[in-house]
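# Residue-level structure breakdown
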Amino acid sequence: MGKRKRVAVEEAVSWAGAVPTAEEARDTLLAAAHGTARGTADRLAPGLDLPAEVAEGAHLAGQQVIARVCRGGWLPEDLDQAARRHVDEFARSYVLDALAAHVEQFAPATVHPRWREQLEDVGAVRWWPDPHLTHWAAKHILTPAEALTTVIEALGFLLALPPVTLVLPVPGTATPERPAHHAVDEKKLGRVRALLAKAESSSFPDEAEALSAKAQELMTRYALDRVLVEAGEAAPELPAARRIWLDTPYVDAKSLVHVVSKADRCRAVFDPRWGFVTVVGDEADLDSVELMTTSLLVQATRAMIADPAGRSRAFRKSFLVSYATRIGERLDQAAEATIAEAPDRDRLLPVLASHELKVESAFSTRFPEVVHKSVTVRSHEGWGAGREAADRARLGE
């Protein structure tokens, strides 16, 4: 177990003498956490223990802060991804436990299904008997001072999180959804996933390209069939939104998410503060964007690392931007060809135009002030290598 970093000290956090009430412990921990969020930190006096009042105070502080974060639009996956990037494994586990404790107070019917799925995916489930802090510290083999230091770090991290776009109802506010007439076809998605998995594992560029192309073709045909059926419904499903997190140092791959989103009839916007892209579109199209983006990122990264010239930051950035640009061209060509070959083309075109307006309206409502920025390419070698790799990638022709 690694040593925890120690930060600059200002004044001691201490309840030497009389044991504090739970409310006093809560206020003390929150005050220290606010200092951490501002870039300063408070020192814990040696010899602290974890009486029941302190454990309850930590619980109250965690619930107060996590409730604000959830109201601010953060989902379980968002919190997990952000914690992985900004705090250590101990603070991350405390954040997820606080999240699990927060959500369990609500009736299951008032928590959106995707919220519940994400809780399970990140492991935010109740595992402890009360009091949480005592059992959590024992689980991670932390001394009382180390445990409370971690609580302050976790709370400071949560306090620093700004509001983000609300893409799902806050726990406790969801209402039963009307049955989806065109829920995602898991059988078709399974075929797409299998094709993309083969493309990612193939060491033969031509084979990988053919597999990816077939996967995109299946997704496009499925989407076109779906929009035609939905066009005749009195109450078509409204566009949804989803966040896709990008790992550093390859956030320049955000361009790839944009071009895949465009090809799948969605809109995307990048948040440079945290490194995620928010995509707006129909649920099934969002699934397609996630699947294809994930596969192409694997292929792009593999090709970039394999290139002997790909060691500099300028090369990598130019490679990924060029790769995305060329992928976008190929996806647009593939989409146009699929539409041109559609048996109901005359009926399909106005339906697609209406669909585009619906997505654009939903995107503008969520992001009324989007700023467009150009990208500077500094490596001609990286640009050429990225374009060549994109020509070898598998899409859907």
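Residues numbered from 1 in each chain as written. Predicted model: local features only at pLDDT ≥ 70, side-chain atom pairs only at ≥ 80, totals over all residues. Heavy atoms only, no water.

### A short note on the overall build of the chain
Selection rule: Only DSSP runs of H or I covering at least 4 residues are called helices, and only runs of E covering at least 2 are called strands; the numbering of each starts at the N terminus. Here's how the labels work: a residue is buried when its accessible area is under 20% of the maximum for its type, exposed when over 50%, partly exposed in between, all with a 1.4 Å probe on protein chains only. By definition in these notes, contact holds between two residues if any of their heavy atoms fall within 4.5 Å.
The secondary structure content of the chain amounts to 14 helices and five strands. Looking at the 397 residues of the chain, the share that counts as buried comes to 51%. By sequence separation, contacts in the chain at least 24 residues apart represent 82% of the contacts at least 6 residues apart.

### Details of empty space enclosed by the protein
One way to see where empty space is left: roll a probe the size of a water molecule over the atoms. Condition: Every definition here rests on a 1 Å grid over the protein atoms only: cavities are sets of points where a 1.4 Å probe fits but cannot get out, pockets are open sets enclosed by protein on both sides within 12 Å along at least five of seven lines, and lining residues have some atom within 4 Å of a point. Grid points are joined across faces, edges and corners, and a volume is the space filled by probe spheres set on the points. We call Asp, Glu, Lys and Arg charged. Ala, Val, Leu, Ile, Met, Phe, Trp, Tyr, Cys and Pro are nonpolar, and the rest, Gly among them, are polar.
In this structure the tally under the stated criterion is one cavity of 30 Å³ or more. As a volume, the largest cavity reaches approximately 30 Å³. Around the largest cavity, the lining residues are Leu75, Glu77, Asp78, Gln118, Arg242 and Arg243. Of the residues in the lining of the largest cavity, the class split is one nonpolar, one polar and four charged.

### Some details on the sheet that holds strand 5 (residues 276-281)
For clarity, the threshold we go by: For two strands to be treated as a pair, DSSP must find no fewer than two bridges joining them. Structural elements are reduced to axes, namely lines fitted to C-alpha atoms, with helices fitted over the stretch in contact, and the angle between N-to-C directions of any two is expressed from 0 to 180 degrees.
If you walk across this open sheet you meet the three strands as 3-5-4, and the pairing is antiparallel. At either end of the open sheet lies a strand with only one pairing partner, and these are strand 3 (240-245) and strand 4 (267-271). Averaged over all neighbouring strand pairs, the angle between strand axes comes to 20°, with direction disregarded. Sheet topology places strand 3 next to strand 5; six bridges connect them, and they run antiparallel. Following the sheet pairing, arginine 242 is matched in strand 5 by valine 279.

### A short note on the pairing of strand 5
Among the six residues in strand 5, six count as buried, and that is most of the element. The alternating pattern of strand 5 places Phe276, Thr278 and Val280 on one face and Val277, Val279 and Gly281 on the opposite face, and all of these are buried. The pairing of strand 4 with strand 5 spans five bridges and is classified as antiparallel. Counted as the bridge partner of phenylalanine 270 is valine 277 from strand 5. Hairpin connection of strand 4 to strand 5: four residues between the antiparallel strands, including glycine 275 at a positive phi of 85°.

### Some points on the packing of aromatic side chains
Stated formally: A pair of aromatic rings is counted whenever rings of Phe, Tyr or Trp (Trp by its six-membered ring) have centres within 6.5 Å, and the orientation is called stacked for planes under 30 degrees apart, edge-to-face for over 60 and tilted otherwise. Only Lys NZ and Arg CZ are tested; either one counts as a charge over a ring when it is within 6 Å of the ring centre and within 35 degrees of the ring normal.
This structure, assessed with the given rule, holds six aromatic pairs. Relative to tryptophan 274, the ring of tryptophan 74 has its centre 5.3 Å away and its plane inclined at 85°; by these criteria the two rings are edge-to-face. With a gap of 200 residues between them, tryptophan 74 in the loop between helix 2 (52-71) and helix 3 (76-86) and tryptophan 274 in the loop between strand 4 and strand 5 connect regions that are remote in the sequence. Of the two residues, tryptophan 74 and tryptophan 274, both sit in the buried class. Against the face of tryptophan 127 rests lysine 139, its NZ or CZ located 4.2 Å from the ring centre. If you follow arginine 267 out to its NZ or CZ, it ends over the ring of phenylalanine 363, 4.1 Å from the centre.

### Considering the environment of alanine 215
Looking at the element boundaries, alanine 215 is found in helix 9 (residues 205-231). The buried category is assigned to alanine 215, whose relative accessible area is 0%. Here the alpha-carbon distance between alanine 215 and leucine 196, two residues 19 residues apart in the chain, equals 6.6 Å.

### Examining the packing of helix 10 (residues 254-263) against helix 12 (residues 313-340)
Test applied: Comment on the angle field: the value is read as roughly parallel under 35 degrees, roughly antiparallel over 145, roughly perpendicular from 65 to 115, and oblique elsewhere.
In contact at an axis separation of 8 Å, helix 10 and helix 12 are set at 5° when each is read in the N-to-C sense. By the criterion of interaxial angle, the relationship of helix 10 to helix 12 is roughly parallel. Taking contact as the criterion, the partners of Ser255, Leu256, Val259, Val260, Lys262 and Ala263 in helix 10 are, on helix 12, Tyr323, Ala324, Ile327, Gly328, Leu331 and Asp332. For the contact of helix 10 with helix 12, the per-class residue count stands at eight nonpolar, two polar and two charged.

### Details of the pattern of salt bridges
Basically, it comes down to this: What makes a salt bridge here is a side-chain nitrogen of Lys or Arg within 4 Å of a carboxyl oxygen of Asp or Glu, nothing more.
Applying the stated rule across the entire model yields 15 salt bridges. Note that arginine 114 is salt-bridged to glutamate 283, the shortest N-O span being 3.2 Å. Taken together, the residues span a long stretch of sequence, with arginine 114 in helix 5 (residues 113-122) and glutamate 283 in helix 11 (residues 283-306) at a distance of 169 residues. Taking relative accessible area as the criterion, arginine 114 reaches 13% and is therefore assigned buried.

### Some points on unusual backbone geometry
Omega for the bond connecting aspartate 130 with proline 131 falls within 30 degrees of zero, at 0°, which places this linkage in the cis form. Relative to the helices and strands, proline 131 is located in the loop between helix 5 and helix 6 (132-139). Phi angles above zero are rare outside glycine, and isoleucine 141 is one such case at about 55°. The class of isoleucine 141 is exposed, set by a relative accessible area of 66%. Residue arginine 265 is not a glycine yet carries a positive backbone phi of 65°. Counting through the fold element by element, arginine 265 comes out in the loop between helix 10 and strand 4.

### A short note on the environment of aspartate 264
Tracing the chain through its elements places aspartate 264 in the loop between helix 10 and strand 4. Classification of aspartate 264 as buried rests on a relative accessible area of 0%. Once the C-alpha coordinates of aspartate 264 and alanine 284 are considered, the two residues, 20 residues apart in sequence, prove to be 9.6 Å apart. Those residues within four positions of aspartate 264 in sequence are excluded, and the remaining contacts are Gln216, Asp285, Ser288 and Val289.

### Brief notes about helix 6
Count 3.6 residues to each turn of an α-helix, and residues three or four apart come out pointing the same way. Basically, it comes down to this: In this context, the arc is that of the directions from the helix axis out to the C-beta atoms.
The complete set of buried residues in helix 6 reads His132, Leu133, Trp136 and Ala137. Within helix 6, the buried residues cover an arc of 120° as seen down the axis, which keeps them to one side. On its buried face, helix 6 is in contact with helix 2, helix 4 (89-103) and helix 7 (144-159). Directly after helix 6, the chain includes isoleucine 141, whose backbone phi takes a positive value near 55°.

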